[in-house]
Structure formats: C-alpha cells, structure tokens
Amino acid sequence: MRTIRCKNYEEMSRRAADVIAAQLILDPKTVLGLATGTTPVGCYQRLIELNREGAIDFSEVSTYNLDEYRGLTHDDPQSYHYFMADQLFNHVNIKAANTHVPDGSNPDAASACAEYDHMVENAGYVDLQLLGIGNNGHIGFNEPCSDFPVGTHCVDLTESTIRANSRLFEREEDVPRQAYTMGVGTIMKARRVLVLASGEAKADAVRAMCYGPVEPGCPASALRLHPDCIVIADEAALSKCPEGL
Ligand code: PGA
C-alpha cells in the first residue's frame, strides 16, 4: 500500500484524476471501477475538464460501479445510477451502454447480484478501482462484519452508514436500509486500487485501514494485501497516522 499525502481535498482530487487520466492514456479500453459519495466528486469534475480539454478520451472506456441502493429505480435522484450520470457520465464522451451499476430496481437480490458478478467477470475484472472509505472502514457497501464477502451481495446498512448518508436525503427514514454491493473479493481482483480519503471524520478509518489488523471488522484493511493499492488522502484524513506515511 502506497500513500500520497495531499494538503487538502482539492489536491487529493487533482492527484486522483491524474492517476486515472494516466491510466486512460495508457489503455484507452480501460475497465474503470467507480465509486459514489462526496469524496470522488472533485476528481470527477477534474476528469470532466480533462475530457473537455481533449486530454483524455472515454469513448472506449467501460465502467462498473461498486454499489446501488436496493429498491431505487435508475431515474430516482437518490440512486447511484442517477448520481453517476449527473456527476460524470452526462459530461464526458462515454457510451451509456458501457456504464454499469448494480440493478437496485431488481427486487430479486440473488439474481441482481449474480448478474452483476457475471458482467464484471465477463469484462475481465477492473483495471483501476476507485474507492472512498466509510467512517466505519467500509468499502463499497461492505460493512464491518465477521468475514470478508467475496462477490456481489445484498447488505443491511449499518446505523452509522444510514446516519452518514442521511445528509443526502430529506429525512433519515428515507435512506434505503439495504444495498447491492460488489464484494471485497471482487474489489481485490482489480489490478490497481485507488482509495481516496479527505477530512478528519475519516481519520480513524484510515488509521485502521493502514495500521490496524487485517480483519473484516475493517473491510478496507483487506487492501493491505493488495499488490497495487494507492491511498490518496489529505492531511486531515491522515492525522491519526504516523508522520511520514
Ligand atoms: P463519502 O462516502 O465519500 O460520502 O464520505 C464514502 C463511503 O462511504 O464509502
């Protein structure tokens, strides 16, 4: 695990976009794994600028998102389908047919998850996986639990995740209680992983990811076993890690 220490959110976003841009330049047919949440928004804005400037091209890129709320249709403004269209896909030259998000509108969890695993496998897995990290150490919606989940599965969101995500909903009771998420096993199959973290609220999770035991109580800790994982984090997110990391 390598760490790139940044001054603030802006620098983190720029550095992350630079890594993704380099990947797209080296391999125009890249399979990108993408994340939702507040953390990657600045990176997506920079990618949009780079695409407008002609520096990067999405025409042959395909994407697989980590997760989706169960029970939300694609056009629901709270869905991750909608988020990705709004924050990235509608603003770059990617083909809609090449973008993939688990199908939260399919109430049959087993079939929605199996179908998604099948698609990721058929794509040859992800070349570069972008991740945020939850305050509780989750990646995707892999919440702390007793063993690392392998494939895409349906999860019950923890109270801390529901509380954290309620800022994006009108009321806390509106936050869906379940989601479909790629498993830790699938994330680990990505050839390169990029974890972004910004702000003091992430400091405990970042410390646990980088220094705690590798155990499913902190799902992000599995990334320490990944052969090519880069953490791009700002000073505040690294504030509980030893200097020099
Ligand atoms: P955030 O979420 O980027 O909105 O902080 C990250 C996550 O929960 O994985």
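Here the structure is a predicted model, which means the values were calculated and not measured. (Residues numbered from 1 in each chain as written. Predicted model: local features only at pLDDT ≥ 70, side-chain atom pairs only at ≥ 80, totals over all residues. Heavy atoms only, no water.)

Draft legend 1. Examining the sheet that holds strand β4 (residues 67-69) more closely. Overall, antiparallel pairing links the three strands, which are arranged β4-β8-β7 in an open sheet. Because the sheet does not close on itself, it has two edges, and the strands there are β4 and β7 (153-156). Strand-to-strand twist across the sheet, computed as the mean angle between neighbouring axes with direction ignored, equals 25°. Bridge analysis of β4 against strand β8 (residues 178-181) gives three bridges, and the strand direction is antiparallel. Residue Glu68 lies in a different strand from β8, and its bridge partner there is Tyr180. (Pairing = 2+ DSSP bridges. Helix = DSSP H or I, 4+ residues; strand = E, 2+ residues; numbered from the N terminus. Axes fitted to C-alpha atoms, helices over the stretch in contact; angles between N-to-C directions.)

Draft legend 2. Representation of the sheet that holds strand β9 (residues 192-197) in the model. Pairing is parallel across the open sheet formed by seven strands, whose spatial order is β1-β10-β9-β6-β2-β3-β5. Whereas interior strands pair on both sides, the edge strands pair on one side only; in this sheet they are β1 (2-6) and β5 (99-100). Judged from the four bridges that link them, strand β2 (residues 31-34) and strand β3 (residues 62-65) form a sheet pairing that is parallel. Its bridge partner lying in β3, Gly33 is registered against Tyr64.

Draft legend 3. Representation of the site of the ligand. Taken together, Gly37, Thr38, Thr39, Gly132, Ile133, Gly134, His138, Arg167 and Lys202 make up the full set of residues adjacent to the ligand. Note that an oxygen atom of the ligand is positioned 2.4 Å from one of the side-chain N or O atoms of Thr39. Within the side chain of Lys202, one N or O atom sits 2.6 Å away from an oxygen atom of the ligand. Considered on its own, the ligand offers 280 Å² of accessible surface; in the complex 83% of this is hidden by protein. Given that more than half its atoms are within 2 Å of the pocket grid, the ligand belongs to the largest pocket. When the residues that make up the shell around the ligand are grouped by side-chain class, the tally is one nonpolar, six polar and two charged. (Near = heavy atom within 4 Å. Polar contact = N/O pair within 3.5 Å; in protein donor to acceptor, adjacent residues only side chain to side chain. Areas by Shrake-Rupley, 256 points an atom, 1.4 Å probe, with all protein chains shown as cover. 1 Å grid on protein atoms, 1.4 Å probe; cavity = no way out; pocket = protein on both sides within 12 Å on 5 of 7 lines; lining within 4 Å. Sits in = over half its atoms within 2 Å of the grid points. Nonpolar A, V, L, I, M, F, W, Y, C, P; charged D, E, K, R; others polar.)

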